[in-house]
Every structure is written in structure tokens, then in C-alpha cells.
Amino acid sequence: MDLGFYAGQVVVVTGAGAGIGREMAVRLGRAGAKAVLVDVDEGRVGEVAGEIRDASGRALAMVADAADPDRMNEVAGETVREFGGVDVLINNAGRLFYGGVAESDMADFETAMRANFGAAVASTRAFLPHIVKSERGRIANLSSAYGLIGLAGAAPYTAAKFAVRGFTESLRSELRTHPNVAVSCVYPGGVKTGIAWSALAAAGIDARRAAERFDRQVARTQPGRAAEIILNGIARGHSRVLIGADAILADAVARVAGGQYERLLRLVIRG
Ligand SMILES: NC(=O)c1ccc[n+]([C@@H]2O[C@H](COP(=O)([O-])OP(=O)(O)OC[C@H]3O[C@@H](n4cnc5c(N)ncnc54)[C@H](O)[C@@H]3O)[C@@H](O)[C@H]2O)c1
């Protein structure tokens, strides 16, 4: 994989302390990017930045909640002061949420929405004025296969990831006047990270059982592989980046079967 696109570029990754974000950060450091790593977890984001610097890369660790607009404005300001501008923003921070419509109350929907949609919106709004000045700007938002199809048991998370998709598509259209900036929406299927274990859950949901099931049945792609596909897709300016056979299948059945995709999906999975 050639990540030459990123050499010398200022690249911000939210949720860079673990999982896919961490894998992207390490590769960006190796590719010669000026990496700005944002995470709520101070210890983990500091560790990743240290790893990059130990390998002679450039990295700035920022402790921030990506869904906090004021803090993200500060992070954008610090980034510009340190590196002179911003070229690439990867809104990767997000939290899984277990629970369907019946189990989840309004507060659950708001929580899942803030953790996923809110994080993409606050971060994008903070960095956008800087990215439009870049010669080769990029903004990428992490949706999910749950941003392509809706299945039982995950309505708040699914609604939030569909919102990320809608936000990203609207942003792409809005930025037509800035041909120097490409906007990507990323749809991972199951990726083997710790996301299942740090997930939020509605009251009464057995989160441990849900996490075990996620690890056993859903998480198939390695996070390093996911990171490579995402970074490649962003560099090439792809509008949609699908990760894993499960995401590709979800995308295909939603297109082919329209409103009947759930039935088709169950047939394919059983078949
Ligand atoms: N792992 C999967 O199977 C999968 C599938 C589809 C989509 N995704 C999406 O990919 C993204 C990354 O997932 P992952 O599996 O690497 O997750 P992860 O849980 O392994 O890592 C997420 C990192 O983001 C940080 N974080 C969470 N909320 C934050 C916030 N508001 N501000 C700053 N940092 C925050 C966490 O501290 C953690 O370091 C998420 O948006 C997730 O929804 C993951």
C-alpha cells in the first residue's frame, strides 16, 4: 500500500487511542504525516503519539471529546498553531450501542446520537474553515454497515450511523464549490477491535453477552486491514469506502432488494 499522499500532510484522527483509529495513526506516522491524535483517553492517545515519535514520526496528542464543539474548536486552533494548517480530517471516534426501539429510551437515543453523529458534526465544523484552504483537503466520516441497513436490536446506533451518512453526503454536495476537498463516508462491517466491550447499552441489555456475540459472529476484519483500506480510499478521494465482505453484502442487498433487504439478507446468510 502506498501512503505517499500523506507525506507532509497535517492529518487529524479522532478516536486515535485504540482500534481502527490507532492503526490509522501508526500508519500515518510511518508515511511521514504530521499526525494530530484526538481521544478522550489521555493515557492511550499519549501512548500512540509516543510510539509514532519513537519511530521518528511527528505526532501531537490531544485529549478531547470529539462531540464537544468548544473543545474541538480549541483543538483545531492548537493544530493550526502547531502545524500551520489542516489537510485531512478523519472523524473516526464513535461508540457502539446495544439496544432496540423497545428497550431504548429517549436518553439512550440522544446518547448514541451524540457519541457518533455529534462527534462527526462538532469535529467537522471545527476543522472545516481550515481544510477548505488546503490544496488537497480530505474529510472522512466513519459510518458503519449499520449506516447501510437497519436490523433489529440496534436502532439508536443505526439511526446515528445513518445520520453520519446523511451528514457526509450533504457536506460533499456543499463542498462542490471547493474541488480541492474530497469527502468520504466509510462503512466498516465487523472489525476486531475492543468496540464491543466499551459499548453503551440500554437498561436490561446483557452487554457482556452482546459483546461476546459481536466478537464471535460479527468482528471479522483485522483493524490494521481496515485502516489500510480507509487510508487508501481517502487518499484516492473515494466517496464511499466499504470494509469487509459483510459491508459489501449489506450494500449490495440494500440496493438490489430495496425495502425487502432484510428477508434477502437472512436468506443469503442462511444459504
Ligand atoms: N469495530 C467495528 O466492528 C466497527 C464497525 C462499524 C463501524 N465502526 C466505527 O469505526 C469507528 C472506530 O471504531 P473502533 O472499533 O476502532 O472503536 P474502538 O472502541 O476500538 O476505539 C475507539 C476510540 O475512540 C475513542 N473515543 C470514543 N468516543 C470518543 C469521543 N467522543 N471523543 C474522542 N475519542 C473518543 C475511544 O476512547 C477509543 O480510543 C467508530 O466510529 C465505530 O462506530 C466500527
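Structural notes, computed from the coordinates. (Residues numbered from 1 in each chain as written. Predicted model: local features only at pLDDT ≥ 70, side-chain atom pairs only at ≥ 80, totals over all residues. Heavy atoms only, no water.)

Structural notes on empty space enclosed by the protein
To find leftover empty space, one rolls a probe the size of a water molecule over the atoms.
Consideration 1: Throughout the structure, instances matching the rule amount to 1 cavity of 30 Å³ or more.
Consideration 2: By volume, the largest cavity amounts to about 40 Å³.
Consideration 3: Considering every element that reaches the lining of the largest cavity, the biggest residue donor is helix 4 (residues 106-131), with 3 residues.
Consideration 4: A breakdown of the residues in the lining of the largest cavity according to their chemical character gives 5 nonpolar, 4 polar and no charged. (1 Å grid on protein atoms, 1.4 Å probe; cavity = no way out; pocket = protein on both sides within 12 Å on 5 of 7 lines; lining within 4 Å. Points joined across faces, edges and corners; volume = space filled by probe spheres on them. Helix = DSSP H or I, 4+ residues; strand = E, 2+ residues; numbered from the N terminus. Nonpolar A, V, L, I, M, F, W, Y, C, P; charged D, E, K, R; others polar.)

What to know about the sheet that holds strand 6 (residues 137-142)
Consideration 1: As summarised here, the arrangement of the 7 strands in space is 3-2-1-4-6-7-9, forming an open sheet in which the pairing is parallel. A single partner strand is all that each edge strand has here, and the edge strands are strand 3 (58-63) and strand 9 (240-243). Across the sheet, the mean angle separating the axes of adjacent strands is 15° when strand polarity is ignored.
Consideration 2: Bridging between strand 2 (residues 34-39) and strand 3 involves 6 bridges; their strand directions are parallel. (Pairing = 2+ DSSP bridges. Axes fitted to C-alpha atoms, helices over the stretch in contact; angles between N-to-C directions.)

Describing unusual backbone geometry
Excluding glycine, most residues fall at negative phi; most peptide bonds, likewise, are trans.
Consideration 1: Here the phi dihedral of Ser-56 falls at roughly 70°; this positive angle occurs in a residue that is not glycine.
Consideration 2: You can see Ser-56 is positioned in the loop between helix 2 (42-54) and strand 3.
Consideration 3: Overall, Ser-56 belongs to the exposed group, its relative accessible area being 69%. (Buried < 20%, exposed > 50% of the residue type's maximum accessible area, 1.4 Å probe, protein only.)

Remarks on the packing of aromatic side chains
Consideration 1: Under the criterion given, the structure shown has 3 aromatic pairs.
Consideration 2: Ring centres 5.1 Å apart and planes at 85° place the aromatic pair Phe-5 and Tyr-6 in the edge-to-face group. Each member of the pair, Phe-5 as well as Tyr-6, carries the same accessibility label: buried.
Consideration 3: With centroids separated by 6.1 Å and ring planes inclined at 85°, the aromatic side chains of Phe-117 and Phe-167 adopt a geometry described as edge-to-face. Placement of the pair is Phe-117 in helix 4 and Phe-167 in helix 5 (residues 155-174), with a sequence separation of 50 residues.
Consideration 4: Here Phe-167 falls in the buried class, since its relative accessible area comes to 19%. (Phe/Tyr/Trp six-rings, centres within 6.5 Å; stacked < 30°, edge-to-face > 60°.)

Regarding the side chain of Ser-184
Consideration 1: Of note, Ser-184 is situated in strand 7 (residues 181-188).
Consideration 2: The residues touching Ser-184, leaving out its near neighbours within four places in the chain, are Ile-139, Ala-140, Asn-141, Thr-168, Arg-172, Gly-233, Ile-234, Gly-237, His-238, Ser-239 and Val-241. (Contact = heavy atoms within 4.5 Å.)

Details of the environment of Tyr-187
Consideration 1: As for its position among the elements, Tyr-187 is in strand 7.
Consideration 2: Its relative accessible area of 0% is what places Tyr-187 among the buried residues.
Consideration 3: Taking C-alpha positions, Tyr-187 is 13 Å from Tyr-157, a pair spaced 30 residues apart along the chain.
Consideration 4: Setting aside its immediate chain neighbours within four residues, Tyr-187 contacts Ser-143, Ser-144, Ala-145, Gly-147, Leu-148, Arg-165, Glu-169, Arg-240, Val-241, Leu-242, Ile-243 and Ala-247.

Here we look at the site of the ligand
Consideration 1: Inspection of the region around the ligand gives 29 residues, with Ile-20, Asp-39, Tyr-157, Val-191 and Thr-193 positioned closest.
Consideration 2: Tyr-157 is positioned with one of its side-chain polar atoms (N or O) 2.8 Å from an oxygen atom of the ligand.
Consideration 3: At a separation of 3.0 Å, an oxygen atom of the ligand approaches a polar side-chain atom of Lys-161.
Consideration 4: Residue assignment for the shell around the ligand shows that the elements contributing at least two residues are helix 1 (19-30) and helix 5.
Consideration 5: In the shell around the ligand, the residues fall into 12 nonpolar, 13 polar and 4 charged. (Near = heavy atom within 4 Å. Polar contact = N/O pair within 3.5 Å; in protein donor to acceptor, adjacent residues only side chain to side chain.)

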